[in-house]
Amino acid sequence: MRIICTKDYEEMSLRVADLIAAQILLKPDSVLGLATGSTVAGAYDSLVERCRSGEVDFSKISTVNLDEYIGLAPDHVQSYRHYMNSHLFDHVNIDKSKTNVPSGVAAEPAEECRRYEQLIRDMGGIDLQLLGLGKTCHIGFNEPGERFETITHVVTLNEQTRKDNSRFFASIDEVPKKAVTMGIQTIMSAKTIVLAVNGEGKADALAAALQGDVKPSAPGSILQMHQNVIVVADKAALSKLA
Ligand code: GLP
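The shown structure was predicted, so the numbers you read here are calculated from the model rather than taken from an experiment.

Side note on unusual backbone geometry
Excluding glycine, residues mostly carry a negative phi; peptide bonds, for their part, are mostly trans.
Piece 1. For Cys137, which is not glycine, the phi torsion reads 75° and is therefore positive.
Piece 2. Here Cys137 lies in the loop between β6 (128-131) and β7 (153-156).
Piece 3. The class of Cys137 is buried, set by a relative accessible area of 3%.

What follows is the structure, given as structure tokens:
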């Protein structure tokens, strides 16, 4: 595991964008696993700039996103499909038909999970998976207690996570209670993982992920078992590492 320590959020975002840009240069038809949330937004801004300047070419890239809220349609402003379109896909030369986010409104969520997992396999697996980290140490929406061997599945969101994400909604009551998420096994199958973390509020979760026991009560701790993880975190997030 490699840890890149940055002075602040801006530098973290640039380093994350560097890694994704390098992946695209090395393999222009990469399958990128993408994440949502405030942590990764700055990296997407930087990738948009790099695409506009001709430095990065998304034309052969395919993407699969980690997760989606159940009950939110793709055009809902808080859906992760909407997030991806507005932060990245609408502004780069990607073929939108090659971008994938689980459906939050499938009639049969369990069937949607099977379809999504198979889709990732049919695409040949994920070359680079970008991850954020929840305060609960979740990755994707895999909350504490999830079995490590899960593939794409339906989860009930932890109350802390709903509270954390309520900042994007009018009130906590509007935050969905369930989501579809890639499982921990799906995430761990990616060839390279880039974990982005910033801020003091994530320091305990990051310490648990990087230095704590590897156990389902700290889902991010499984990353210690991956052969190719790059952690890009600011000083504040790394402040509780021994
Ligand atoms: C969200 C998402 C995760 C994300 C994490 C951190 O709930 N499901 O994919 O990485 O929590 O979010 P943020 O970056 O907004 O703190």
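After that view of the structure, there is still more to cover.
Re the sheet that holds β7
One key point about sheets: their strands pair by backbone hydrogen bonds, in either a parallel or an antiparallel sense.
Piece 1. Overall, antiparallel pairing links the three strands, which are arranged β4-β8-β7 in an open sheet. Across the chains shown, the open sheet's two edge strands, defined by having one partner strand only, are β4 (67-69) and β7. Strand-to-strand twist across the sheet, computed as the mean angle between neighbouring axes with direction ignored, equals 25°.
Piece 2. With three bridges joining them, β4 and strand β8 (residues 178-181) adopt antiparallel strand pairing. Considered in β8, the bridge of Tyr69 is made with Ala179.

Section: the pattern of salt bridges
Piece 1. All chains considered together, the criterion is met by 14 salt bridges.
Piece 2. Salt-bridge contacts for Asp90 lead to Lys96; the nearest nitrogen and oxygen are separated by 2.6 Å.
Piece 3. Overall, the relative accessible area of 46% leaves Asp90 in the partly exposed class.
Piece 4. With its nearest N and O atoms 3.9 Å apart, the salt bridge here joins Lys135 to Asp164.

With respect to the packing of aromatic side chains
Centre-to-centre distance and the angle between the planes together describe a pair of aromatic rings.
Piece 1. This structure, assessed with the given rule, holds five aromatic pairs.
Piece 2. Relative to Tyr83, the ring of Tyr44 lies with its centre 6.3 Å away and its plane at 70°, an arrangement referred to as edge-to-face. With Tyr44 in helix α2 (residues 38-52) and Tyr83 in helix α3 (residues 80-87), this residue pair connects regions lying 39 residues apart in the sequence.
Piece 3. Overall, Tyr83 belongs to the buried group, its relative accessible area being 12%.
Piece 4. Here the aromatic rings of Tyr69 and Phe169 are separated by 5.7 Å at their centres, their planes lie at 80°, and the arrangement is edge-to-face. Taken as a pair, Tyr69 in strand β4 and Phe169 in the loop between α5 (159-165) and β8 lie far apart in primary sequence, 100 residues in all.
Piece 5. Its relative accessible area of 1% is what places Tyr69 among the buried residues.
Piece 6. Put simply, the rings of Tyr69, Tyr80, Phe141 and Phe169 pair up and form one aromatic cluster.

Comments concerning the nonpolar core
Piece 1. Within the largest apolar cluster, 64 residues are counted, with the highest numbers of intra-cluster contacts made by Val16, Tyr44, Phe58, Leu88 and Leu206.
Piece 2. Residues within four places of Phe58 in sequence aside, it is in contact with Ile24, Leu32, Leu47, Cys51, Leu88, Val92, Asn93 and Ile94.
Piece 3. Val101, Val155, Val175 and Ala179 belong to the second-largest nonpolar core, a separate cluster that totals 10 residues.

Considerations on the site of the ligand
Piece 1. Around the ligand, 15 residues are found, and the nearest of them are Ser38, Thr39, Asp67, Asn165 and Lys202.
Piece 2. In this structure, Ser38 approaches the ligand through a main-chain N or O atom, which is 2.9 Å from an oxygen atom.
Piece 3. Separating an oxygen atom of the ligand from a side-chain N or O atom of Thr39 is a distance of 2.5 Å.
Piece 4. Protein burial of the ligand: of its 390 Å² of free accessible surface, 95% is covered by the chains.
Piece 5. A class-by-class count of the residues in the shell around the ligand yields four nonpolar, eight polar and three charged.

Considerations on the state of the cysteines
Piece 1. Taken as a whole and assessed by the stated rule, the structure comprises zero disulfides.
Piece 2. Residue Cys137 stays outside any disulfide, its sulfur separated by 18 Å from that of Cys5, the closest cysteine.

Observations regarding α2
Piece 1. Spanning 15 residues, α2 covers 22 Å between terminal C-alpha atoms, matching the ideal 21 Å at 1.5 Å per step.
Piece 2. Most of α2 sits out of view: 11 of its 15 residues are buried.
Piece 3. Of all the residues in α2, the buried ones are Thr39, Val40, Ala41, Gly42, Ala43, Tyr44, Ser46, Leu47, Val48, Arg50 and Cys51.
Piece 4. Contacts from the buried residues of α2 go to α1 (9-26), β2 (31-34), α3, β6 and β9 (192-197).
Piece 5. Once α2 finishes, Gly54 follows within two positions and takes phi at roughly 85°, a positive value.

A look at the pairing of β6
Piece 1. Judged by which residues are buried, β6 turns out to be covered on both faces: Leu128 and Leu130 on one side and Gln129 and Leu131 on the other are all buried.
Piece 2. As judged from the four bridges shared by β6 and β9, these two strands associate in the parallel manner. The residue bridging Gln129 from the neighbouring strand is Ile193, located in β9.

Rules used in this analysis
Residues numbered from 1 in each chain as written. Predicted model: local features only at pLDDT ≥ 70, side-chain atom pairs only at ≥ 80, totals over all residues. Heavy atoms only, no water. Helix = DSSP H or I, 4+ residues; strand = E, 2+ residues; numbered from the N terminus. Buried < 20%, exposed > 50% of the residue type's maximum accessible area, 1.4 Å probe, protein only. Pairing = 2+ DSSP bridges. Axes fitted to C-alpha atoms, helices over the stretch in contact; angles between N-to-C directions. Salt bridge = Lys/Arg side-chain N within 4 Å of Asp/Glu carboxyl O. Phe/Tyr/Trp six-rings, centres within 6.5 Å; stacked < 30°, edge-to-face > 60°. Core = buried A, V, L, I, M, F, W, Y, C linked by side-chain atoms within 4.5 Å. Contact = heavy atoms within 4.5 Å. Near = heavy atom within 4 Å. Polar contact = N/O pair within 3.5 Å; in protein donor to acceptor, adjacent residues only side chain to side chain. Areas by Shrake-Rupley, 256 points an atom, 1.4 Å probe, with all protein chains shown as cover. Nonpolar A, V, L, I, M, F, W, Y, C, P; charged D, E, K, R; others polar. Disulfide = S-S within 2.5 Å. Expected span 1.5 Å × (residues − 1).

As far as function goes, none of this settles anything; it's purely spatial.
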